[in-house]
Amino acid sequence: MTMKIDVKAAKADVLKFKADCLAFGVYSDVKNSDILESLDKKLEGAISRLKKLGDFKAKAGSSIFLYTHGKIAAERILLIGFGEKKTATMDTFRKTASKAAYEAINVGAKTLAICLHYDEQDSNFEKLGKVIAEAVHFGAYRYDEFLTSTENGGSKSLSVTVINDSQKNIVKLAAGIKIGQVIAKAQNYARTLCNRPANVLYPAQFAAEAKKIAASVQGLRCTVIDEKQMAQKNMGGILSVGKGSINKPRMIIIKYTPKGKAKNSEPIALVGKAITFDSGGISIKPSGDMHEMKYDMTGGAAVLMTMQIIAALKLPLNVYGIICAAENRPDGGSFLPGDIITTFSGKTIEVLNTDAEGRLVLSDGLEQARQLKCKTAIDIATLTGACVVALGKHKAGLFSNDEKLTEKLKAAAADSSEPVWQLPYEQLYADEIKGKIADLKNIGGRWGGACIGAAFVGEFAKDMAWAHLDIAGPMDASDPMKSYTQAGSIGFGVRLLTSYLMNY
Ligand code: BES
Ligand code: ZN
Ligand code: ZN
């Protein structure tokens, strides 16, 4: 049932290219390109008429279908607005390509040709190919594994050709597309893992998926620590959170070793929060949007799929992926508010709210990274509702104890179009979580919840260069995004972490 998507580049004449849909990007303030002019002529002025009538103003994100009635080889034309030329960036092309694929699937198109008339001289066609491939998969993605009827329409496969009239550009586009497709397929699988409900994807199942992913490429080794081994190792953080569920927790450790010499001798750790369902536990959440807490494993999914990408792309780096998988549920066996737990690091924590569980599992994950002798650790977690209040659903919060790492992550965010915004990591916040009857308490005062959460997690980074990504906001698609990709998980973090490692 899962959608088959494929992207390639080809030298072609847009008027002669046979496709169910031919997608064009159009600037709002620039006169038509030669290609668009010739297309308009072939269609007896249909495009200029649309513009004149004001039906299509080429505003960023707007789009309109045109039917070609056999005047050119393609069945339909999809015009997509770039907006004003001076405001267009790589991200404009990304959104346009996503929109093209999203709309093409909606009308049941099986073949799509994309023609973005960017400036030929100063364009980085390899980067463009990568971005278009990522974007097409992003827009074409549908979560359909539990749909038994095909009534909703839409196609089950999409073959995309990026067309250009220069062979030199095609070679570069193709090189970028090759990399982009690896990243995009992995990101879409992260979305599928996140979209799977908690009765399907529980910790042991997540571990089985990790084993499967690790076996799918060379260079990955996956070890799974079950609840009995956790008890032997005194991993009190993750164990406590998982206690209240019949679905017991798992810590998943994936090691990537490159074939040749690595750029880094001390490994980098990616640590993901993977709460397969967060009911809040005994400090139970209101029921309204509780179902969304199946996405509380987004950080873990991002880590898993990034590991697959770096192995597939054969990056010369030593990297560990550490995924803390647990289900937070109220039950006779649950951990309780007031419980004092001893974490893997030896630090004790007074649990004042069982819904602040992400930081507890991460405490053990970061200690695992430290024991594996990692020098750098990045944790990624849907950690706080407060971060969503602070930044909305557009950006992830970035906290760090290291300036260089901060800059690299900001650059990766710009490169991947998975935005982050730096928030403070300071002692002031850590003071709020100092315990009286245990070393730490798992909640602070009323304000600045995202910063307090980060301060808590930072206590376990010790001497590692560490960054924390709070991805609670962008864990699923928000409104403007829904016009070019399906609602639900967007697999946030896969491109961000991949960019960071590719540019290491
Ligand atoms: N998983 C939630 C955070 C969350 C909220 C993610 C909304 C995505 C959307 C986390 O475990 C949580 O419940 N945090 C609490 C912390 C509080 C008890 C200090 C929160 O944000 O309310
Ligand atoms: Zn919670
Ligand atoms: Zn949570």
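Since the structure is predicted, the reported quantities are computational estimates derived from the model, not experimental observations.

Rules used throughout
Residues numbered from 1 in each chain as written. Chains lettered and ligands numbered in written order. Predicted model: local features only at pLDDT ≥ 70, side-chain atom pairs only at ≥ 80, totals over all residues. Heavy atoms only, no water. Donors = N, O, S within 2.8 Å, 3.2 Å for Na, K, Ca; no water. Tetrahedral: all angles 85-135°; square planar, octahedral: opposite > 155°, others 65-115°. Buried < 20%, exposed > 50% of the residue type's maximum accessible area, 1.4 Å probe, protein only. Near = heavy atom within 4 Å. Polar contact = N/O pair within 3.5 Å; in protein donor to acceptor, adjacent residues only side chain to side chain. Areas by Shrake-Rupley, 256 points an atom, 1.4 Å probe, with all protein chains shown as cover. 1 Å grid on protein atoms, 1.4 Å probe; cavity = no way out; pocket = protein on both sides within 12 Å on 5 of 7 lines; lining within 4 Å. Sits in = over half its atoms within 2 Å of the grid points. Nonpolar A, V, L, I, M, F, W, Y, C, P; charged D, E, K, R; others polar. Pairing = 2+ DSSP bridges. Helix = DSSP H or I, 4+ residues; strand = E, 2+ residues; numbered from the N terminus. Axes fitted to C-alpha atoms, helices over the stretch in contact; angles between N-to-C directions. Salt bridge = Lys/Arg side-chain N within 4 Å of Asp/Glu carboxyl O. Phe/Tyr/Trp six-rings, centres within 6.5 Å; stacked < 30°, edge-to-face > 60°. Lys NZ or Arg CZ within 6 Å of the ring centre and 35° of its normal.

Asker: Tell me what's going on with the coordination of the zinc ion (ligand 3), and back it up with residues and numbers.
Answerer: For the zinc ion (ligand 3), the full set of protein donor atoms is Lys273 (NZ), Asp278 (OD), Asp296 (OD) and Glu357 (OE), and the range of their distances to it is 2.0 to 2.4 Å. For the zinc ion (ligand 3), the 6 donor atoms in the first shell make angles of 78 to 170° at the metal, a pattern classed as octahedral. Along the chain, the residues donating to the zinc ion (ligand 3) are arranged with the sequence spacing K-x4-D-x17-D-x60-E. Under the relative-accessibility criterion, aspartate 296 is labelled buried at 2%.

Asker: Got a sec to walk through the site of ligand 1? Specific residues and values, please.
Answerer: Near ligand 1, the surroundings consist of 16 residues, among which Asp278, Lys285, Asp355, Glu357 and Gly385 are the closest. Lysine 273 places a polar side-chain atom, nitrogen or oxygen, 3.2 Å from an oxygen atom of ligand 1. Within the backbone of leucine 383, a nitrogen or oxygen atom sits 3.4 Å from a nitrogen atom of ligand 1. Its free accessible area being 510 Å², ligand 1 has 77% of it covered by the protein chains. According to the grid-proximity analysis, the pocket containing ligand 1 is the largest pocket. Of the residues contributing to the shell around ligand 1, the split by class is 5 nonpolar, 4 polar and 7 charged.

Asker: If you had to explain the sheet that holds strand S15 (residues 420-422) to someone new, which residues and values would you point to?
Answerer: Read from one edge to the other, the open sheet built from 8 strands follows the order S7-S8-S10-S9-S13-S17-S14-S15, with strand pairing classed as mixed. Every other strand in the sheet has two partners, leaving strand S7 (220-225) and S15 as the edge strands with one partner each. Shown here is a sheet whose adjacent strand axes are inclined to one another by a mean of 20°, direction ignored. As paired elements, strand S14 (residues 396-400) and S15 share 3 bridges and run parallel to each other. Directly across from alanine 396, in S15, lies its bridge partner valine 420.

Asker: Give me the pattern of salt bridges: which residues, what numbers.
Answerer: Pairs may arise between side chains of opposite charge once their charged atoms sit close together. Counted by the stated rule, this structure contains 27 salt bridges. The salt bridge partner of arginine 94 is glutamate 134, with a shortest N-O separation of 2.8 Å. Remark: glutamate 134 occurs in helix H4 (residues 125-140) and arginine 94 occurs in helix H3 (residues 90-106); sequence separation between them is 40 residues. A relative accessible area of 6% places arginine 94 in the buried class.

Asker: Report on the packing of aromatic side chains, specifying residues and quantitative values.
Answerer: Counted by the stated rule, this structure contains 7 aromatic pairs. Each ring, one from tyrosine 143 and one from phenylalanine 146, has its centre 6.5 Å from the other, and the planes form 65°; the classification is edge-to-face. By relative accessible area, tyrosine 143 is classed as buried at 19%. One aromatic cluster is present, formed by Tyr27, Phe82 and Phe93 through successive ring pairs. Above the plane of the ring of phenylalanine 138 lies arginine 191, whose end atom (NZ or CZ) is 4.5 Å from the centre. The residue whose ring lies beneath arginine 495 is phenylalanine 138, and the NZ or CZ to ring-centre distance is 5.7 Å.

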